[in-house]
Protein chains: 2
Amino acid sequence: MTERLQSIAISGADALDVLRNASLSQVVQGEIEKIILSGAFAPGEKLNEKVLADRLGVSRGPVRESFQALHARGLVEMIPNRGVFVQQITRHDAVAIYDVRAGLFGTACRLLAERITTAQIGALKSLVAQMDVAGSQRDLEAYFPLNIAFHSAIVTGTNNSVLADTYFGMVRRLHLFRARGLVHGGGFESSNIEHRVILDALDVRDPHAAFEAGFLHVQAGKARIVTSGDGSPASP
Amino acid sequence: MTERLQSIAISGADALDVLRNASLSQVVQGEIEKIILSGAFAPGEKLNEKVLADRLGVSRGPVRESFQALHARGLVEMIPNRGVFVQQITRHDAVAIYDVRAGLFGTACRLLAERITTAQIGALKSLVAQMDVAGSQRDLEAYFPLNIAFHSAIVTGTNNSVLADTYFGMVRRLHLFRARGLVHGGGFESSNIEHRVILDALDVRDPHAAFEAGFLHVQAGKARIVTSGDGSPASP
DNA sequence: GTTTTGCAAATTGCTGACAATATGCACGTG
DNA sequence: CACGTGCATATTGTCAGCAATTTGCAAAAC
């Protein structure tokens, strides 16, 4: 058992404690997910059961179980008797996912507008202010985590875990598209203006305006990928 | 192989063709899902691997794989070393799911408003008219499938499979709550009035009004379950 | 030269068996 | 009589192995 845990600890340090609360399949699933989202496997690439099992130091059983979960989450594609492949996200798919993400984020804004506390408003204001600074300095490294924190604060602030899980699931799936390098950081100057519109709607607790602002903000992000490359692997 | 297929054909007739395109795990998953949603297993009830495997005529492997997929879809709960249980939906959970469903349905209405064809509008008008008839006759048996068709037409009409899958996933999860018999058909008179509001917004292709109408329509459905019983198994 | 055929290797799908953990119950103890 | 202890049973978690399918490649046929 000790040797197995060691071999699992390829990418995690606290694997020992993890296994007390999660089955090996769950750990394996997390590892494979990390590998996929890290971009180590390109979309459309095949995931060999045995290779993954050996790499993680487990047998094929847990790996196969993980595949089912990852498939249900839209991260891999399964073809009977052929194998499992990293889900390919076409531009059409990305647009569809973006639309859902926009609807979910708008919904989060709307729900939050009805229950937001002054403390939450303050936290969001702080984030927007920090993004203003990072934006004026063209500091993408600083802007990115703040941007994520802003969105996360809104989504998790609704206290609706189903909404949060679904939303982050869409974000994860979009990572498969981002892995192609089509989503660049461009346009983050206008992005914070939109953040302010959202914040204003939340500040006055206007659900209607909050949805609209949140929805359009994500749609603006979608517009960027739509106008960029076609998402195909290097057309000649 | 023949005997296995026969034993699978417990609830399905065309299992032979199915196995050509789907793995045994997928078939087993569908069967277990049917069993769960049929209410044969109560929420919170344990799903014994061996019992299910024997019942479906397969070994535990495919059953365990199915559990992972069902867990990812929010239909079962998994506790390490303890087992798998039918997901329990508290009233709080149901409210959360309803809010997400409302957001998704509103989003579907909004997206559809921008691209709806006259043929689609005609089909929706027909459904609303039929529901008017069924409603005036208090014919719940006729009203229900029409109601589902109306919602499905809107959601699938967006041509966004991600949106549709996510929406129907929420509906499925709500079935776990419905199984307790808390959602009664009451209020279906006002329901069709709301349908008409949605239809009007789609007819004039007003995305803003369409979202609002769709969102509030589902929220009205949520209000019914909130005001009904508390969702606990028989309080004394 | 291109296509088709046939075999060998690799891979998937599934099953049965073994180790680890949890459960239930009888028993003893305070 | 309540409560904890220890063992037998049941169940879960994982693994190794076998059948079925696919894949890759070489040889033959056109």
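Please refer to the structure higher up on the page.
Residues numbered from 1 in each chain as written. Chains lettered and ligands numbered in written order. Predicted model: local features only at pLDDT ≥ 70, side-chain atom pairs only at ≥ 80, totals over all residues.

J.: I'd like a description of the overall build of chain A, backed by residues and values.
T.: Across its full length, chain A carries 11 helices and three strands. Written out in order from the N terminus, the α and β elements of chain A read α-α-α-β-α-α-β-β-α-α-α-α-α-α. Going through the 236 residues of chain A one by one, you find that 40% of them count as buried. In chain A, the proportion of contacts linking residues at least 24 apart, taken out of those at least 6 apart, comes to 72%. (Helix = DSSP H or I, 4+ residues; strand = E, 2+ residues; numbered from the N terminus. Buried ≥ 20, exposed ≤ 12 C-beta atoms within 10 Å, placed from the backbone. Contact = placed C-beta atoms within 7 Å.)

J.: Hey, could you go over the protein's contact with DNA strand D for me, with residue numbers and the actual values?
T.: Close contacts around DNA strand D come from 18 residues, with A:Leu24, A:Ser59, A:Gly61, B:Glu49 and B:Gly83 the closest. Grouping the constituent residues of the surface near DNA strand D by class yields four nonpolar, eight polar and six charged. (Near = placed C-beta within 6 Å. Nonpolar A, V, L, I, M, F, W, Y, C, P; charged D, E, K, R; others polar.)

J.: Describe helix 10 (residues 188-203) of chain B, naming the residues involved and giving the relevant values.
T.: The first and last C-alpha atoms of helix 10 of chain B sit 22 Å apart over 16 residues, in line with the 22 Å expected at 1.5 Å per residue. B:Arg205 sits one or two residues past helix 10 of chain B and shows a positive phi near 55°. (Expected span 1.5 Å × (residues − 1).)

J.: Tell me about the sheet that holds strand 3 (residues 83-86) of chain B, residues and numbers included.
T.: Hydrogen bonding along the main chain pairs the strands of a sheet, whether they run parallel or antiparallel. Residues and elements named next belong to chain B. In space, the three strands of this open sheet follow the order 1-3-2, with antiparallel pairing throughout. Of all the strands in the sheet, the pair left with one neighbour each is strand 1 (46-47) and strand 2 (76-79). Two elements, strand 2 and strand 3, share four bridges in a ladder whose sense is antiparallel. Bridge pairing in strand 3 links methionine 78 to valine 84. Here helix 5 (residues 60-72) sits on the sheet and contacts strand 2 and strand 3; the angle it forms with strand 2, its principal contact strand, is near 115°. (Pairing = 2+ DSSP bridges. Axes fitted to C-alpha atoms, helices over the stretch in contact; angles between N-to-C directions.)

J.: Any chance you could break down the environment of A:Val204 for me, citing the residues and the numbers?
T.: Position of A:Val204 relative to the elements: it lies in the loop between helix 10 (188-203) and helix 11 (207-227). Linking A:Val204 and A:Glu114, residues 90 residues apart in sequence, is a C-alpha distance of 9.8 Å.

J.: Which residues make up the environment of B:Ala108, and what values go with them?
T.: Residue and element names in this part refer to chain B. Here alanine 108 is to be found in helix 6 (residues 91-113). Considering only alpha carbons, one finds alanine 108 and alanine 129, 21 residues apart in sequence, at a separation of 21 Å. Other than its neighbours up to four places away in sequence, alanine 108 contacts Ile154, Val155, Thr158, Leu163, Tyr167 and Gly214.

J.: Could you give an account of the protein's contact with DNA strand C, naming the residues involved and the relevant values?
T.: The environment of DNA strand C is formed by 18 residues, the closest being A:Glu49, B:Leu24, B:Ser59, B:Gly61 and B:Asn81. Elements that contribute at least two residues to the surface near DNA strand C include exactly helix 4 (49-56) of chain A together with helix 3 (24-37) and helix 5 of chain B. Tallied by class, residues from the surface near DNA strand C come to five nonpolar, eight polar and five charged.

J.: Go over the relation of the copies chain A and chain B, please, and point to the residues and values.
T.: Between chain A and chain B, the superposition needs a rotation of 180° and an axial shift of 0.0 Å, giving an RMSD of 0.1 Å. Between the two chains, the operation in question is that of a two-fold axis. Of the interface residues in chain A, 100% have counterparts in chain B that sit at the interface too, so the contact is made through matching surfaces. (Least-squares fit on C-alpha atoms with pLDDT ≥ 70 in both.)

J.: Which residues make up the packing of helix 4 (residues 49-56) of chain B against helix 5 of chain B, and what values go with them?
T.: Packed helices, taken two at a time, are described by the angle their axes make and the gap between the axes. All names here are of chain B. Orientation of helix 4 relative to helix 5, taken along the N-to-C sense of each, is 115°, at an axis distance of 9 Å. When the axis of helix 4 is compared with that of helix 5, the two are roughly perpendicular. For the pair helix 4 and helix 5, the sense of crossing is right-handed. Along the contact surface, helix 4 presents Glu49, Lys50, Leu52 and Ala53, while helix 5 presents Arg60, Val63 and Arg64. Residues belonging to the contact of helix 4 with helix 5 are distributed by class as follows: three nonpolar, no polar and four charged. (Parallel < 35°, antiparallel > 145°, perpendicular 65-115°, else oblique. Left-handed = near helix turned anticlockwise from the far one by under 90°.)

J.: I'd like a rundown of the sheet that holds strand 3 (residues 83-86) of chain A, residues and numbers included.
T.: Residues and elements named next belong to chain A. Taken in spatial order, the three strands of this open sheet run 1-3-2, and their pairing is antiparallel. Edge positions in the sheet fall to strand 1 (46-47) and strand 2 (76-79), since each of these pairs with one other strand and no more. Lying over the sheet, helix 5 (residues 60-72) contacts strand 2 and strand 3, oriented at roughly 115° with respect to strand 2.

J.: Any details on helix 8 (residues 140-157) of chain B? Residues and values, ideally.
T.: Two residues of an α-helix separated by three or four positions point the same way, owing to the 3.6 residues in each turn. For helix 8 of chain B, which comprises 18 residues, the first-to-last C-alpha distance of 25 Å matches the rise-based estimate of 26 Å (1.5 Å per residue) to within 8%. Among all positions in helix 8 of chain B, only B:Tyr143, B:Leu146, B:Asn147, B:Phe150, B:His151, B:Ile154, B:Val155 and B:Gly157 are buried.

J.: So what about the interface of chain A and chain B? Which residues, and what values?
T.: Contacts between the two partners involve 25 residues from chain A and, on the opposite side, 25 residues from chain B. At the level of secondary structure, the elements contributing two or more residues to the side of chain A that touches chain B comprise helix 5, helix 6 (91-113) and helix 9 (161-178) of chain A. Among the elements that take part in the side of chain A that touches chain B, helix 6 of chain A stands out by supplying eight residues, more than any other. Split into classes, the residues belonging to the side of chain A that touches chain B amount to 11 nonpolar, 10 polar and four charged.

J.: Could you give an account of the nonpolar core, naming the residues involved and the relevant values?
T.: By size, the foremost hydrophobic cluster in this structure holds 82 residues, and its most contacted members are A:Ala108, A:Cys109, B:Ala108 and B:Cys109. Residues A:Leu52, A:Phe67, B:Leu56 and B:Val76 belong to the second largest nonpolar core, which totals 34 residues. (Core = buried A, V, L, I, M, F, W, Y, C linked by C-beta atoms within 7 Å.)

J.: Tell me what's going on with the environment of A:Gln68, and back it up with residues and numbers.
T.: On the secondary structure map, A:Gln68 appears in helix 5. On the neighbour-count criterion, A:Gln68 (28 C-beta atoms within 10 Å) is buried. It is 9.4 Å that separates the C-alpha atoms of A:Gln68 and A:Gln29, two residues lying 39 residues apart in sequence. Look past the residues within four positions of A:Gln68 in its chain and what remains in contact with it is B:Ser25, B:Glu65, B:Gln68 and B:Ala69.

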